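# Structural characterization, general
Residue strings, one per chain:
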Amino acid sequence: MMRTDTLSCSYQMNTTSTDFSRVLLVEQEKFFLAKQAQEPFGEGCRIETMIQTKTAPRMVPAVMTVKKIAADELWLRTTHEEGVIDQRYSFAPGRKGKLQVTYSEQSRFEQQKTTYSFMLAALFYKFFFNRGVKKRLRYLEAACQRAGTNEKNGENRG
């Protein structure tokens, strides 16, 4: 059952958990480096960025922190003036040899009024959330397949 404070989307990928984990971490590291991360990418690494919240059509300053990197999960926490967003990629073997990847965002807010605004907005936002997440996961799946092809051809060995 989906919690009212959490948006979640799952996708079946043609890749392995090892390849997905490696590609996901490389992509996330690129994002952190583009935002001028001051420390090596890994658990505890933090960046300052601007985000658009789902409750207001404006950009707000935020701090994104890598909370956990595991064999089957990446957890990022973004804190901003209205509250906290926990973003998780979790993955496990799926059906027919595919990888089941679930991306979720759990939002907690400082003010109850903002929580209610989010719950109302989430009803409408869910469609766009799913579409955006599936586009991102298809991109990551294609990157996994390119990485797998490059490895088979003797590239990316380091």
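Here is what the cut-offs are and how they apply
Residues numbered from 1 in each chain as written. Predicted model: local features only at pLDDT ≥ 70, side-chain atom pairs only at ≥ 80, totals over all residues. Heavy atoms only, no water. Helix = DSSP H or I, 4+ residues; strand = E, 2+ residues; numbered from the N terminus. Buried < 20%, exposed > 50% of the residue type's maximum accessible area, 1.4 Å probe, protein only. Areas by Shrake-Rupley, 256 points an atom, 1.4 Å probe, with all protein chains shown as cover. Patch = residues over 30% accessible without salt bridge, like charges linked within 9 Å, V, L, I, M, F, W, Y side chains within 5 Å. Salt bridge = Lys/Arg side-chain N within 4 Å of Asp/Glu carboxyl O. Lys, Arg positive; Asp, Glu negative; His and termini not counted. Charge placed at Lys NZ, Arg CZ, Asp CG, Glu CD. Expected span 1.5 Å × (residues − 1). pLDDT = per-residue confidence, 0-100. Phe/Tyr/Trp six-rings, centres within 6.5 Å; stacked < 30°, edge-to-face > 60°. Core = buried A, V, L, I, M, F, W, Y, C linked by side-chain atoms within 4.5 Å. Polar contact = N/O pair within 3.5 Å; in protein donor to acceptor, adjacent residues only side chain to side chain. Pairing = 2+ DSSP bridges.

## A closer look at the overall build of the protein chain
- Within the protein chain, the regular secondary structure consists of 2 helices and 6 strands.
- The order of helices and strands in the protein chain, counted from the N terminus, is β-α-β-β-β-β-β-α.
- Of all 158 residues assigned to the protein chain, the portion counted as buried reaches 42%.
- For the protein chain, the accessible area works out to roughly 9600 Å², and carbon and sulfur atoms hold 53% of it.

## Side note on a positive patch on the surface
- Positive charge collects at one region of the surface, where R131, K134, K135 and R138 lie side by side.
- The residue R138 is located in helix α2 (residues 112-152) in this model.
- For R138, a relative accessible area of 43% translates into the label partly exposed.

## Looking at helix α1 (residues 17-34)
- For α1, with 18 residues, the first-to-last C-alpha span of 26 Å sits near the 26 Å given by 1.5 Å per residue.
- Every buried residue of α1 is accounted for by D19, F20, S21, V23, L24, E27, Q28 and F32.
- Downstream of α1 by one or two residues, Q36 has phi in the positive range, about 60 degrees.

## Details of the confidence of the model for the protein chain
- Here the protein chain shows a mean pLDDT of 85. Residues at 70 or above account for 81%.
- Looking across the protein chain, the model is least confident in α2, with a mean pLDDT of 79, and most confident in α1, with 95.

## Quick word on the packing of aromatic side chains
- Evaluation of the coordinates by the stated rule reveals 6 aromatic pairs.
- Centre to centre, the rings of F20 and F91 are 4.9 Å apart; their planes meet at 75 degrees, and the pair counts as edge-to-face. Here F20, found in helix α1, pairs with F91, found in strand β5 (residues 83-93); they are 71 residues apart in sequence, far enough to count as distant. As far as the burial class goes, F20 and F91 line up, both buried.
- Considering the side-chain rings of Y89 and Y103, the 4.8 Å spacing of their centres and the 55 degrees angle between planes classify their relative orientation as tilted.

## Some details on the nonpolar core
- Counting residues in hydrophobic clusters, the biggest one holds 27 residues, and the most contacted among them are M13, F20, F32, Y89, L137 and L140.
- Counting residues per element, the ones that place at least two in this core are β1 (6-13), α1, β3 (59-70), β4 (73-80), β5, β6 (99-109) and α2.
- Of the residues forming this core, the biggest block, 7 residues, is contributed by α2.

## Comments concerning the environment of K30
- Structurally, K30 can be placed in helix α1.
- Sequence separation of K30 and F41 is 11 residues, and the distance between their C-alpha atoms is 9.2 Å.
- Only 3.3 Å separates the side chain of K30 from the side chain of E27, close enough to count as a polar contact.

## A closer look at the pairing of β3
- Here strand β2 (residues 46-52) runs beside β3; their pairing, made up of 7 bridges, is antiparallel. Its bridge partner being in β3, I47 is matched across the sheet by M64.
- Where β3 and β4 come together, 8 bridges link them in antiparallel fashion. The partner of I69 across the bridge, within β4, is L74.
- Counting the residues that bridge the hairpin from β3 to β4 gives 2 residues.

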